[in-house]
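Summary of the model geometry
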Amino acid sequence: QEMTIFTPEFTHINRIAERIEARIVTNWFYRSLTRPGRSGINHRPFSVFWANGSRLISSLPQRSGIGAKGAHSVEVHVDEAQDLSPQAWKEIPNTISWEKPGASWHIHGVSRGVRDDFYEYSTRPELEFHVHRITQMHREDWSEARRQQLIEEFGGSVDSPDYKRNVKGEH
């Protein structure tokens, strides 16, 4: 069907697009699933058109939220959601084809360390988000030495605001 990736800035979607495109062009199986020739992957805006008619598109909702309009996807991913404007938060849920089975949206963001708009939107009970907090401690290279290094780097205490935000992922 259709998936839309929203990001607040072009630099964010560009990094995601590079990873997606690299995975497609370096894997014969993924390459075989895209439309042949130059019609399979487009840039500005980034999109992937699959041979079966499905598509992956990207969109920049801008501060006004207008970049979100027009997309009507079954699955929506928002990256760097902490940087979205309040208007974009209002527009994006309206772009999801809720009437189709499997419709969903996924919000990815990083705490700024304060209880701001991102905190308010991602914790609203009526939106029924399942929040998964992935922290520095989930990294494969996590160790006591790494913990001590980050304590020093982010304020000298596990209770410092920068340590809580950057290591624990807390608002």
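What comes next concerns the included structure.

Conventions we followed
Residues numbered from 1 in each chain as written. Predicted model: local features only at pLDDT ≥ 70, side-chain atom pairs only at ≥ 80, totals over all residues. Heavy atoms only, no water. Helix = DSSP H or I, 4+ residues; strand = E, 2+ residues; numbered from the N terminus. Contact = heavy atoms within 4.5 Å. Lys, Arg positive; Asp, Glu negative; His and termini not counted. Charge placed at Lys NZ, Arg CZ, Asp CG, Glu CD. Salt bridge = Lys/Arg side-chain N within 4 Å of Asp/Glu carboxyl O. Buried < 20%, exposed > 50% of the residue type's maximum accessible area, 1.4 Å probe, protein only. Pairing = 2+ DSSP bridges.

Let's shift gears to the overall build of the chain. Along the backbone of the chain there are six helices and six strands. Along the chain, helices and strands appear, N-terminal first, in the series β-α-α-β-β-β-β-α-β-α-α-α. The dimensions of the chain, computed from C-alpha atoms along their principal axes, are 55 × 35 × 30 Å. Looking at the chain alone, contacts between residues at least 24 apart form 53% of all its contacts between residues at least 6 apart. Of the charged side chains in the chain, 22 are positive and 23 negative; the average position of the first set lies 5 Å away from that of the second.

What follows is about the pattern of salt bridges. Evaluated as defined, the whole model comprises three salt bridges. With its nearest N and O atoms 3.0 Å apart, the salt bridge here joins Asp-141 to Arg-139. Exposure remark for Arg-139: the relative accessible area of 41% places this residue in the partly exposed category. A salt bridge links Glu-144 to Arg-147, with the shortest nitrogen-to-oxygen separation between them at 3.0 Å. Taken as a pair, Glu-144 and Arg-147 lie in helix H5 (residues 144–153) at a separation of three residues, close to a single helical turn.

A positive phi angle, close to 55 degrees, is found at Glu-80, a residue other than glycine. Relative to the helices and strands, Glu-80 is located in the loop between strand S5 (75–78) and helix H3 (86–91).

Below, the discussion takes up the sheet that holds S5. Pairing within the open sheet is mixed, and its six strands lie in the order S2-S3-S4-S1-S5-S6. Looking along the sheet, the strands with just one partner apiece sit at the ends: strand S2 (41–42) and strand S6 (104–107). Pairing of S5 with S6, which is carried by four bridges, proceeds in the parallel orientation. Residue pairing for S6: Val-76 is matched across the bridge by Trp-105.

With that settled, consider the pairing of strand S4 (residues 55–59). Consecutive residues of a regular strand have side chains that alternate between opposite faces of the sheet. With four of five residues buried, S4 is to be regarded as a mostly interior element. Where strand S1 (residues 2–6) lies against S4, five bridges are found, and the strand directions are parallel. Bridging across to S4, Met-3 finds its partner in Leu-56. Of the pairings in the sheet, the one linking strand S3 (residues 47–49) to S4 comprises three bridges and is antiparallel in character.

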